[in-house]
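In case you want the letters, here they are:
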Amino acid sequence: MIGPRQLAGIAACVLAALALPASADELEPTGEWSAYDKGKAQLPPMGWNSWNAFYHDVDEEKVLASAAIIVESGLAEAGYRYINIDDGWWLKRDTQTGRMVIRTATFPSAALPDGRTSFRPLTDRLHAMGLKAGIYSDIGRNSCGQTFGHGAANNPAGTQAEREVGLYDHIDRDIRLYFEEWGFDYIKVDGCGIRGMGADNPNVASGIYRQFDPIIDFDSISRTDIPAVQALFGAVGAALERHNPDGDFLYSLCIWGAADVRSWFKDYGNISRTSDDIAPYWGRMLHNLDSASRRELYAQPGNWNDPDMLFVGTGDFGALHPVEARSHFSLWAMINAPLIIGYDLRKASPEQIAILGNRALIALNQDPAGNQAVLAFDSEEIQFFVKTLADENKAVALFNRTAQPLEATLTAKHLKFTDDAEIALTDLWSGESRAFTGAEELTLAPHETRVFLARGTRALPGGMYLSEMPGRINVARDGVIHPEPDPMIHRAIVPWENTRSAGERPRYTGWGGARADASPYGQVLRIADREFTAGLGVLANSRLEVRSGGFGSFSALVGMDDSAAEDDQRIRFEVYGDGTLLAASDWIGFGDPASELKADTNGTEILELVIRTETSTDRPPPATWGDAALMR
Ligand code: GAL
């Protein structure tokens, strides 16, 4: 029989499904910013998480010890706030009451006099230290440790029903408990229970866990039920709003880049994992970096790509590898990744604390403009990441991915500065200053990332290229109809599989998504053989929302991108201001020269950039908003 609680749960799911973002066919302007703006994530979250430090072997003493060091070392003052407990805290679900039971053997302060358990004593202590507290759950009935069998000692115990510690069928009850009663401020919601609990799971076959026919198939997007996954995550979001009337929560999605989540998470939560787990190996760090580094237009204040937690302190990023540790940290800072420490800070040396606490690097990550760095130079060997700061200066990270020293030439053009005026560079690791005009030769040590603050004369005076402001752009629709795996991601060995599998093959979808200063397939932007170093590349049948407040006019040179594979389609570019058509191009075909679009945007808050195809197609061609800019 379905009781009132279950009905409430179902109703929440249905409501969430109805509240889904505009359907895939929706190109019509709304005049609204449609990305998820709930929770507190104007800036990427900073904090600590137990997983990379202790895996399942987490306990209260370890959590509090790291929290204490975060405060005493000055890391809290530098911005690290959230202390997050990952998998391993739960004992079981009380099947009489439905209430979750905490493992008091490892979290003794959770034992209440009446026999129940509560994390309130722990969250009270963290709050009293000036910190915030995070909890972990799973969107399915079971956790990752249960699904894949890792961390068996601290996996939930009891009957099949008692072991059902995940949110599934309990969303409202659990979120209420975690936030209203236990006082958490942050939740990471994993997805193993909807991925790995099919009939082929040995523990399902033996009856320990209930079968859940997977709605995520990591290796098959066609066998993944994206709307069902979205409905579940939407229901958690709705419960978070209900049980956090002050809006002070952070919602972290963890489905590892599966289910096309890299494209849609921004409509559902604050941060979202773009890949499978990081590991303390160089190649794995590259893999996780690449999963987020070309998704610069899919992150903005409120929604951040999450390439997984920091591994500074361990393995290739340990005390013997300060260059690699600084690189990992610099790159995460530049791409606006959450800065979540994953290290047993009791072991941290002053040098390691100094890396994690580098205020200049943290300031880049926490810059209020929220612009994820854009790749100004891209290759398998060297990458330049350029981030436009709120004060319109630039930060640039020159990254040597290889184990050899390499020479790099940084040019004014990479920074969108004029090449006839001096550019001042401050090295944010060494503090040294230098200056150049035009181009500068630099040496990068093996695996080194050199990060500079760059001040120069903007090539576009009086305005900003849209590609300098990804934090103001929401890709409401990117034109991708059939999600395809992204081939641009470094394919590292998965440590827990080593070479037992067929290897790391392309798996996360999102290929062909919108890009800053690149075509949807990563090429240089080009219309009828004319190259654009600035611009947005996006498939047709797309709609971008741009926060245009404070600017007076828009201009762009638009056309079909030369990377289009077919030449029989025509496209039309339209610019809307707060829902009203301001400008439109003619129908433009392949090879037609770039056509100028201008619009007065005075007083406009939301600009929408729409591209339509003349005839319906499931292969919309790549199109270019060349030199697209907002002028003051
Ligand atoms: C994985 C997740 C990790 C960690 C682990 C816990 O799915 O990606 O970050 O949370 O589960 O079992």
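Residues numbered from 1 in each chain as written. Predicted model: local features only at pLDDT ≥ 70, side-chain atom pairs only at ≥ 80, totals over all residues. Heavy atoms only, no water.

A closer look at the packing of aromatic side chains
Here is step 1 of the chain: Under the defined criterion, the tally for this structure stands at 24 aromatic pairs.
Here is step 2 of the chain: Taken together, a centroid distance of 6.5 Å and an interplanar angle of 65° make the contact between Phe-329 and Trp-429 edge-to-face. Here the residue Phe-329 occupies a position in helix H12 (residues 322-334), and Trp-429 occupies one in the loop between strand E15 (423-427) and strand E16 (433-436), the gap between them amounting to 100 residues.
Here is step 3 of the chain: According to the relative accessible area criterion, Trp-429 is partly exposed, its value standing at 22%. (Phe/Tyr/Trp six-rings, centres within 6.5 Å; stacked < 30°, edge-to-face > 60°. Helix = DSSP H or I, 4+ residues; strand = E, 2+ residues; numbered from the N terminus. Buried < 20%, exposed > 50% of the residue type's maximum accessible area, 1.4 Å probe, protein only.)

Some remarks on the site of the ligand
Here is step 1 of the chain: Near the ligand you find 15 residues, and of these Asp-86, Asp-87, Lys-188, Asp-190 and Asp-277 are the closest.
Here is step 2 of the chain: In this structure, an oxygen atom belonging to the ligand sits 2.9 Å away from a side-chain N or O atom of Asp-190.
Here is step 3 of the chain: Take Trp-256: an N or O atom from its side chain is 3.0 Å from an oxygen atom of the ligand.
Here is step 4 of the chain: Within the complex, 97% of the 310 Å² of free accessible area of the ligand lies under protein.
Here is step 5 of the chain: For the shell around the ligand, the secondary structure elements donating two or more residues are helix H6 (144-148) and strand E6 (186-190). (Near = heavy atom within 4 Å. Polar contact = N/O pair within 3.5 Å; in protein donor to acceptor, adjacent residues only side chain to side chain. Areas by Shrake-Rupley, 256 points an atom, 1.4 Å probe, with all protein chains shown as cover.)

Re the confidence of the model for the protein chain
Here is step 1 of the chain: On average, residues of the protein chain carry a pLDDT of 95, and 96% of them reach 70 or more.
Here is step 2 of the chain: For the protein chain, the element scoring lowest by mean pLDDT is helix H1 (residues 4-18), at 39; strand E13 (residues 394-400) scores highest, at 99.
Here is step 3 of the chain: Scored below 50 in pLDDT, residues 1-24 shows 14 contacts in the model against residues more than four places distant or in partner chains. (pLDDT = per-residue confidence, 0-100. Contact = heavy atoms within 4.5 Å.)

Brief notes about the packing of helix H11 (residues 282-293) against H12
Here is step 1 of the chain: Close contact between H11 and H12 brings their axes to 11 Å; oriented N to C, the two are set at 10°. In this view, H11 runs roughly parallel relative to H12, as classed from their interaxial angle. Between H11, through Trp-282, Met-285, Asn-288 and Leu-289, and H12, the contact on the second element is made entirely by Glu-324, Ser-327, His-328, Leu-331 and Trp-332. (Axes fitted to C-alpha atoms, helices over the stretch in contact; angles between N-to-C directions. Parallel < 35°, antiparallel > 145°, perpendicular 65-115°, else oblique.)

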